[in-house]
Amino acid sequence: MKITTRSQELFERAQKTIPGGVNSPVRAFRSVGGTPLFMERAKGAYMFDADGNRYVDYINSWGPMILGHAYEPVVEAICEKAAHSTSFGAPTELEIEMAELICSMAPNVDMVRMVSSGTEACMSALRLARGYTGRNKFIKFEGCYHGHADAFLVKAGSGLATFNIQTVPGVTAGVSIDTLTAPYNDLEAVEQLVKQYPGEIAAIIIEPVAGNMGCIIPEPGFLQGLRDICDKEGIVFIFDEVMTGFRLAAGGAQERLGIDADLVTYGKVIGGGLPVGAFGGKRAIMEHIAPLGNVYQAGTLSGNPIAMIAGYTMLKTLKDNPAIYKDIDDKTAYLHAGLEKALSTGSSPFVINRFGSMISVHFSDKIVNNFASAAAANNALFNKFFHGMLTDGFYLPPSAFETWFISKALSFEDIDETVFATQNFISNF
Ligand code: HOZ
């Protein structure tokens, strides 16, 4: 049993001045139960809490730590840059280098605009799609999470799924009336909506591999079917690559899946974990953004030099070392095989979904390919699994509605130990 007294004290203290004691709901452990752990530092594949306990990290800051925590070249670049000021509110050469790098890596990204988070990126991409098409409605998928801008908080995944929040007070009916939803992997439902609202739909936004309801994989033909609908109806196809961008391949899900998007959104990954986001895409659409066009979008912290140098250093490493992708994929496949073997020794049915370096476990006897099937799984058992693993030093996402992320820093020995702990959990369950 780990001693977590300091985390408990910090949580008590935090609740007095921070709503729920945390600055982002899923970390509060409310759905899995227990007290959240307060982290002090992390290096490579490991996080260390305030009591000095070590955890093998399977969330990796929800994706961006592809190379592991505190990757030296990124840390050094940040320190060096910080000495030249932390913000200008004026353009820098580094922003051009960053834009050129992203455009050289991601397919269909001719131009890119920096923002400060994935939420801002999705919010701005949607506004741009609406401004470009002159239409108001858009389609999103149940269980996908595109940040917390009002329009997206309808049947959303991640924390909303975790806490079963169906409607969000404060999001007006006037806003959500333009948000249309369809089940993930259900092309027919999308065709129906397009028929129902002819000429009214500005965009279809999707996580090309979903990570906010556990890991959900697009079925063959689904994304291409959406692409075809968008082409036929003049709808802007937006890939939310906040989780998949630069992770599934140097060119993200677009490259890995061979599907073209019109606009793409990115988040923390392009800042090496710092608060950054970006949206980019085809020139003809991006040219509608101010100051070229009238679709307004702005921010003092956009293109922040510290975030840019961190992201540039990480993305350049990924671009120059394609073997990294094989490494993280191989490790995830090895984990998959180990988990499969360990969980098979128990009596609870389970499904492991894996795509590239994203993976998750649902305790279900049915295929898990959309939000309804993820929600129907035995998530009470997942919560026990989470705690069993945490006690043994493995930090899984504190919700069945989140994917796990694998980093390059994770070793095969770490994975063997993870599998051993899983086996232990199952045999004592
Ligand atoms: N919504 C985030 C994961 N999908 C969780 C963010 C956090 O708690 O840091």
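Given the structure is predicted, the values throughout are model-derived calculations rather than measurements. (Residues numbered from 1 in each chain as written. Predicted model: local features only at pLDDT ≥ 70, side-chain atom pairs only at ≥ 80, totals over all residues. Heavy atoms only, no water.)

Draft legend 1. Looking closely at the overall build of the protein chain. Counting its regular elements, the protein chain contains 15 helices and 14 strands. For 429 residues, the compact-globule estimate of 2.2 N^0.38 gives 22 Å, and the C-alpha radius of gyration of the protein chain, at 21 Å, lies within 12% of that figure. Once local pairs closer than 6 in sequence are excluded, the contacts in the protein chain between residues at least 24 apart make up 72%. Accessible surface, the protein chain: about 17,600 Å² in total, of which carbon and sulfur atoms supply 53%. Side chains of the protein chain give 34 positive and 45 negative charges; the mean places of these two sets differ by 3 Å. (Helix = DSSP H or I, 4+ residues; strand = E, 2+ residues; numbered from the N terminus. Rg over C-alpha atoms; globule rule 2.2 N^0.38 Å. Contact = heavy atoms within 4.5 Å. Areas by Shrake-Rupley, 256 points an atom, 1.4 Å probe, with all protein chains shown as cover. Lys, Arg positive; Asp, Glu negative; His and termini not counted. Charge placed at Lys NZ, Arg CZ, Asp CG, Glu CD.)

Draft legend 2. Broad picture of the environment of Ser347. Note on placement: Ser347 falls in the loop between helix H12 (323-344) and strand E11 (351-355). The exposure class of Ser347 is exposed, given its relative accessible area of 75%. For the pair Ser347 and Phe429, spaced 82 residues apart in sequence, the C-alpha to C-alpha distance is 9.5 Å. (Buried < 20%, exposed > 50% of the residue type's maximum accessible area, 1.4 Å probe, protein only.)

Draft legend 3. Representation of the packing of aromatic side chains. Under the counting rule described, the total for this entry stands at 18 aromatic pairs. Between Phe141 and Tyr184 the ring centres are 6.1 Å apart and the planes differ by 75°, which places this aromatic pair in the edge-to-face class. Taken together, the positions of Phe141 in strand E5 (residues 137-141) and Tyr184 in the loop between strand E6 (179-182) and helix H7 (187-196) put the pair 43 residues apart, joining distant regions of the chain. The same class applies to Phe141 and to Tyr184, which are both buried. Members of the aromatic cluster, joined through ring pairs, are Tyr58, Phe363, Phe382, Phe385, Trp404, Phe425 and Phe429. A cation sits over an aromatic face here: Arg41 above Phe48, 4.0 Å from the ring centre. The ring of Tyr46 has Arg54 lying over it, and the distance from NZ or CZ to the ring centre is 3.8 Å. (Phe/Tyr/Trp six-rings, centres within 6.5 Å; stacked < 30°, edge-to-face > 60°. Lys NZ or Arg CZ within 6 Å of the ring centre and 35° of its normal.)

Draft legend 4. Examining the site of the ligand more closely. Lining the immediate environment of the ligand, one finds Ser24, Arg27, Trp62, Tyr145, Ser158, Asn212, Met243 and Glu402. In this structure, an oxygen atom belonging to the ligand sits 3.0 Å away from a side-chain N or O atom of Trp62. Considered on its own, the ligand offers 290 Å² of accessible surface; in the complex 87% of this is hidden by protein. Looking at the shell around the ligand residue by residue, the classes come out as three nonpolar, three polar and two charged. (Near = heavy atom within 4 Å. Polar contact = N/O pair within 3.5 Å; in protein donor to acceptor, adjacent residues only side chain to side chain. Nonpolar A, V, L, I, M, F, W, Y, C, P; charged D, E, K, R; others polar.)

Draft legend 5. Quick peek at the packing of H7 against helix H8 (residues 222-233). Close contact between H7 and H8 brings their axes to 10 Å; oriented N to C, the two are set at 15°. Between H7 and H8, the angle falls in the class roughly parallel. At the point where H7 passes H8, the crossing takes the right-handed sense. Facing Leu187, Val190, Glu191 and Val194 of H7, the residues of H8 in contact are Phe222, Gly225, Leu226, Ile229 and Glu233. Taken together, the residues that form the contact of H7 with H8 break down as six nonpolar, one polar and two charged. (Axes fitted to C-alpha atoms, helices over the stretch in contact; angles between N-to-C directions. Parallel < 35°, antiparallel > 145°, perpendicular 65-115°, else oblique. Left-handed = near helix turned anticlockwise from the far one by under 90°.)

Draft legend 6. Quick look at the environment of Phe355. Among the secondary structure elements, Phe355 is positioned in strand E11. Placed 23 residues apart in sequence, Phe355 and Thr332 show a C-alpha to C-alpha distance of 8.6 Å. Setting aside its immediate chain neighbours within four residues, Phe355 contacts Val209, Cys215, Ile217, Leu248, Arg256 and Leu257.

Draft legend 7. Just unusual backbone geometry, in detail. With an omega dihedral of 10°, the bond running from Ala290 to Pro291 counts as a cis peptide bond. Here Pro291 shows up in the loop between helix H10 (283-286) and helix H11 (305-320). Despite not being glycine, Ser158 shows a phi value in the positive range, around 55°. In this fold, Ser158 is placed in the loop between E5 and helix H5 (159-162). A residue is classified by how much of its surface remains accessible, and Ser158, at 9% relative accessible area, is buried. Despite not being glycine, Phe246 has its phi angle at roughly 60°, a positive value. In this structure, Phe246 sits in the loop between strand E8 (236-240) and helix H9 (252-257).

Draft legend 8. Local environment of the sheet that holds strand E13 (residues 394-395). Read across the sheet, four strands follow the order E1-E2-E3-E13 without closing on themselves; strand pairing throughout is mixed. Of all the strands in the sheet, just strand E1 (39-43) and E13 have a single pairing partner and so form its edges. With four bridges joining them, E1 and strand E2 (residues 46-49) adopt antiparallel strand pairing. The residue bridging Arg41 from the neighbouring strand is Phe48, located in E2. (Pairing = 2+ DSSP bridges.)

Draft legend 9. Inspection of H11 at higher detail. Between its terminal C-alpha atoms H11 stretches 22 Å, which fits the 22 Å expected from 16 residues at 1.5 Å a residue. Counting buried positions over the 16 residues of H11 gives 12, a clear majority of the element. Considered for burial, the residues of H11 that qualify are Pro305, Ile306, Ala307, Met308, Ile309, Ala310, Gly311, Thr313, Met314, Leu315, Thr317 and Leu318. Packing partners of the buried residues in H11 comprise helix H2 (72-82), helix H3 (93-105), strand E4 (111-115) and H12. The opening residue of H11 is Asn304, an N-cap whose side-chain oxygen sits 3.0 Å from the backbone nitrogen of Ile306. (Expected span 1.5 Å × (residues − 1).)

Draft legend 10. View of the side chain of Asp240. Note that Asp240 resides in strand E8. For the buried Asp240, no salt bridge is present, and the opposite-charge side chain at shortest range is Lys268, 8.3 Å distant. Reaching out from Asp240, the side chain makes a polar contact with the side chain of His146 at a distance of 2.7 Å. Those residues in contact with Asp240 that sit more than four places away from it in its chain are Cys122, Tyr145, His146, Ile205, Ile206, Glu207, Pro208 and Thr265. (Salt bridge = Lys/Arg side-chain N within 4 Å of Asp/Glu carboxyl O.)

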